[in-house]
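Spelled out from the first residue to the last, the chains are:
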Amino acid sequence: MEIKVEVKQNITILTPIGRIDTATAKAFEEGISQHLKEKIQLVISFEEINYISSAGLRVILMAGKKQMAGHGKLGLINMPDKIYTVFKMSGFDKIIKIYKDFDTACKLLQSETASF
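So, how was this worked out
Residues take numbers from 1 onward in each chain, read along the sequence in its written order. In view of the model being predicted, local features appear only for residues whose pLDDT reaches at least 70, and side-chain atom pairs are presented and counted only at 80 or more, with totals across whole chains, interfaces and linings using the full set of residues. Note that the side-chain values use all heavy atoms of the structure and ignore hydrogens as well as water. In this analysis, axes come from line fits to C-alpha atoms, helices being fitted only over the stretch in contact, and the angle between any two N-to-C directions falls in the range 0 to 180 degrees. Strands here are runs of E lasting at least two residues and helices are runs of H or I lasting at least four, both read from the DSSP assignment and numbered beginning at the N terminus. Oblique is the label for any angle not covered by the other classes, which are roughly parallel (under 35 degrees), roughly antiparallel (over 145) and roughly perpendicular (65 to 115). For any pair of crossing helices, the crossing counts as left-handed if the nearer helix is rotated counterclockwise from the farther one by less than a right angle, and right-handed if it is rotated clockwise. Whether two residues are in contact is decided by their heavy atoms: any pair within 4.5 Å suffices. In this count, Pro and Cys sit with the nonpolar residues alongside Ala, Val, Leu, Ile, Met, Phe, Trp and Tyr, while Asp, Glu, Lys and Arg are called charged and the others, Gly among them, polar. The cut-offs for exposure are 20% and 50% of the maximum accessible area for each residue type, with area from a 1.4 Å probe on protein chains only; residues under the lower value are buried, those over the upper are exposed, and the others partly exposed. Between N or O atoms, a polar contact is any pair within 3.5 Å; within protein, one atom must be a potential hydrogen donor and the other a potential acceptor, and residues adjacent in sequence are included only when both atoms are from side chains. The term salt bridge refers to a pairing of a side-chain nitrogen on Lys or Arg with a carboxyl oxygen on Asp or Glu at a separation within 4 Å.

Let's talk about the packing of helix α1 (residues 25-33) against helix α2 (residues 54-69)
Link 1 in the chain: Contact geometry for α1 and α2: axes closest at 9 Å, N-to-C directions at 20°. Considering the angle they form, α1 stands roughly parallel to α2. α1 and α2 meet at a crossing whose hand is right-handed. Only A55, G56, R58, V59, I60, M62, A63 and K66 of α2 make contact with α1, whose side of the interface consists of A25, F28, E29, I32 and S33.
Link 2 in the chain: Of the residues in the contact of α1 with α2, the class split is eight nonpolar, two polar and three charged.

So, unusual backbone geometry
Link 1 in the chain: The phi dihedral of Q9 is positive, around 50°, even though this residue is not glycine.
Link 2 in the chain: Inspection of the secondary structure puts Q9 in the loop between β1 (3-8) and β2 (11-16).
Link 3 in the chain: Even without a glycine there, the phi angle at N10 is positive, about 65°.
Link 4 in the chain: Structurally, the position occupied by N10 is in the loop between β1 and β2.

With respect to the side chain of H35
Link 1 in the chain: Locating H35 in the fold gives a position in the loop between α1 and β4 (41-45).
Link 2 in the chain: On the accessibility criterion, H35 (14% relative accessible area) is buried.
Link 3 in the chain: The residues contacting H35, other than those within four sequence positions of it, are V5, T12, L14, I40 and L42.

Focus on the side chain of K73
Link 1 in the chain: Relative to the helices and strands, K73 is located in strand β6 (residues 73-77).
Link 2 in the chain: Look at K73 and you get buried, because its relative accessible area is 14%.
Link 3 in the chain: Of note is the side chain of K73, whose polar atom sits 2.4 Å from the backbone oxygen of L109.

Comments concerning the pattern of salt bridges
Link 1 in the chain: In this structure the tally under the stated criterion is five salt bridges.
Link 2 in the chain: Residues K26 and E30 are paired through a salt bridge, measuring 3.9 Å at the closest nitrogen-oxygen approach. With K26 and E30 both in helix α1, this residue pair falls four residues apart, about one helical turn.
Link 3 in the chain: Of the charged contacts, one joins D93 and K94 as a salt bridge, the two residues approaching to 3.8 Å between their closest N and O atoms.
Link 4 in the chain: Relative accessible area serves as the criterion here: at 68%, K94 is assigned to the exposed category.

Below you can see the structure in the form of structure tokens.
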């Protein structure tokens, strides 16, 4: 799995490409893990994801917990409707911050105290 990495305004943006399923979840987890650091603001953009399974949701949950433990922040952005539906149906939209786009995430991550 390819994950594009970009840093804007002191926020690390990870953009995975393709599907996040049982076959790619391990690579997704490894790609994210190297960016989980204390007190960092991390955003995962879903603009290039067309499918996510429960294995992918588990990786997102793990990333959120690690960020919270390290006093960092995690936000999810640019989520296509069908991916957002998976997060909503699983209840993940209640435990992990989902923002419309980077600008919204940037403003709110800087002002919020909780990671997710």
